[in-house]
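# Close look at the chain arrangement
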Amino acid sequence: DLSKNAGNRYVALVFDKALDANGRDWEEMKDNRTELTHDHVHHCRRANLYNDTFNGDSDVDVLHSYQVLSSCMSRPIGHILVLESPTLSSIK
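What counts, and where the lines are drawn
Residues numbered from 1 in each chain as written. Predicted model: local features only at pLDDT ≥ 70, side-chain atom pairs only at ≥ 80, totals over all residues. Heavy atoms only, no water. Pairing = 2+ DSSP bridges. Helix = DSSP H or I, 4+ residues; strand = E, 2+ residues; numbered from the N terminus. Axes fitted to C-alpha atoms, helices over the stretch in contact; angles between N-to-C directions. Buried < 20%, exposed > 50% of the residue type's maximum accessible area, 1.4 Å probe, protein only. Polar contact = N/O pair within 3.5 Å; in protein donor to acceptor, adjacent residues only side chain to side chain.

Once that is clear, we can look at the sheet that holds strand E2 (residues 61-69). On the basis of which strands lie adjacent, the open sheet formed by 3 strands has the order E1-E3-E2 and antiparallel pairing. Every other strand in the sheet has two partners, leaving strand E1 (9-15) and E2 as the edge strands with one partner each. Pairs of neighbouring strands in the sheet enclose a mean axial angle of 15 degrees, with direction left out of account. One ladder, built from 7 bridges, connects E1 with strand E3 (residues 76-84); its direction is antiparallel. Residue pairing for E3: Phe15 is matched across the bridge by Gly78.

Have a look at this one:
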């Protein structure tokens, strides 16, 4: 059974440094990313966005959600999401 949002897929690539308005150092941003990832996964599971079931009220389905690692492969520096939605405006 397909979601009502099936059809259009979008990729969102977000770097922590681009969103940081507080001038945090990399270590603090890494700690914040780790905490936020935990919260993000629990939110998606509660909203049925992170498994084979979909939230019927949502206009966006999260198909994949991954951290982006630094070149040393040890520090998260951002996030990449693959989203499915009927319109780009729903993603924004």
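Locating Glu84 in the fold gives a position in strand E3. For Glu84, a relative accessible area of 8% puts it in the buried group.

Position of Arg33 relative to the elements: it lies in helix H2 (residues 26-46). Between the alpha carbons of Arg33 and Asp16 there is a distance of 8.1 Å; along the sequence they are 17 residues apart.

What follows deals with the environment of Ser65. Examined against the element boundaries, Ser65 turns out to sit in strand E2. The class of Ser65 is buried, set by a relative accessible area of 9%. Separated by 16 residues in sequence, Ser65 and Leu81 have C-alpha atoms that sit 4.5 Å apart. Of the polar contacts made by the side chain of Ser65, one reaches the side chain of His79; its length is 2.7 Å.

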